[in-house]
Amino acid sequence: DQNYLKQIQVNVDHLDAFGYLFQKTNLQIKPRNNTWDIGVKGKEIAGKIHLPKNEGAIDLAFETLNLISLEKLLDRDNAKKPETSEDIDPRGLPELIFSADKLYLDNRLIGSWRFNLEPNISGSKFKDIKGHIKGNNITGQLNWRYSKEHQNTVATFDMLGGDISALFEAFDMPTLMTSNKY
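Residues numbered from 1 in each chain as written. Predicted model: local features only at pLDDT ≥ 70, side-chain atom pairs only at ≥ 80, totals over all residues. Heavy atoms only, no water.

Caption draft 1: Here's a closer look at the side chain of Ser 179. Along the polypeptide, Ser 179 turns up in the segment after helix 2 (165-170). One polar contact links the side chain of Ser 179 to the main-chain amide nitrogen of Ile 164, over a distance of 3.0 Å. Those residues within four positions of Ser 179 in sequence are excluded, and the remaining contacts are Gly 162, Asp 163 and Ile 164. (Helix = DSSP H or I, 4+ residues; strand = E, 2+ residues; numbered from the N terminus. Polar contact = N/O pair within 3.5 Å; in protein donor to acceptor, adjacent residues only side chain to side chain. Contact = heavy atoms within 4.5 Å.)

As structure tokens, this is what we get:
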């Protein structure tokens, strides 16, 4: 059994991925024994994606990831907004391992983040969350439960750091307080 496929290269001018825009993105897709390895490089993204061929977690490891919201771009351009989609059912999310050394939200650096996502029969659990924002460390987990009647989320975080105002600034919120250490 010989594998004749060595690599696929795809250049994408504009990519809408789950409501976020990635422009001029290059994908290099290589088959491996148990995974598809995808190198991703573009203006808003640089990293590697490992997709299991069968069972297992999707591994998303980004050096840089800038999530630019299409909704914000459309507001800025006064264009017609896309119709809202249905609620996300967390039970259908894939098992994944996520890491981003530099995570941006609409061109605003929100630090480095890591987590593992484990879906289950009642929702999904975001485990081993670790975030670092300008000298502030956040660890914890988030449980997202779902039913047709309602959704609920329980988040438990430990935070340790210097000036907490950096967290407010990173998430574009009014600075409600400052600190030297917490």
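Caption draft 2: Local environment of the pairing of strand 3 (residues 35-41). For strand 2 (residues 20-31) and strand 3, the ladder comprises six bridges, and the chain directions are antiparallel. Bridge pairing in strand 3 places Pro 31 opposite Trp 36. Hairpin remark: strand 2 followed by strand 3, antiparallel, with three residues in the connecting loop. Two strands pair when backbone bridges link them, and strand 3 and strand 4 (residues 45-52) are joined in this way by seven bridges, in the antiparallel orientation. Considered in strand 4, the bridge of Gly 39 is made with Lys 48. Linking strand 3 to strand 4, which pair antiparallel, is a turn of three residues. (Pairing = 2+ DSSP bridges.)

Caption draft 3: Layout of unusual backbone geometry. Positioned with a positive phi, Lys 24 is a non-glycine residue whose angle comes to about 45 degrees. Here Lys 24 is to be found in strand 2. Backbone geometry places Lys 134, a non-glycine residue, at a positive phi of 40 degrees.

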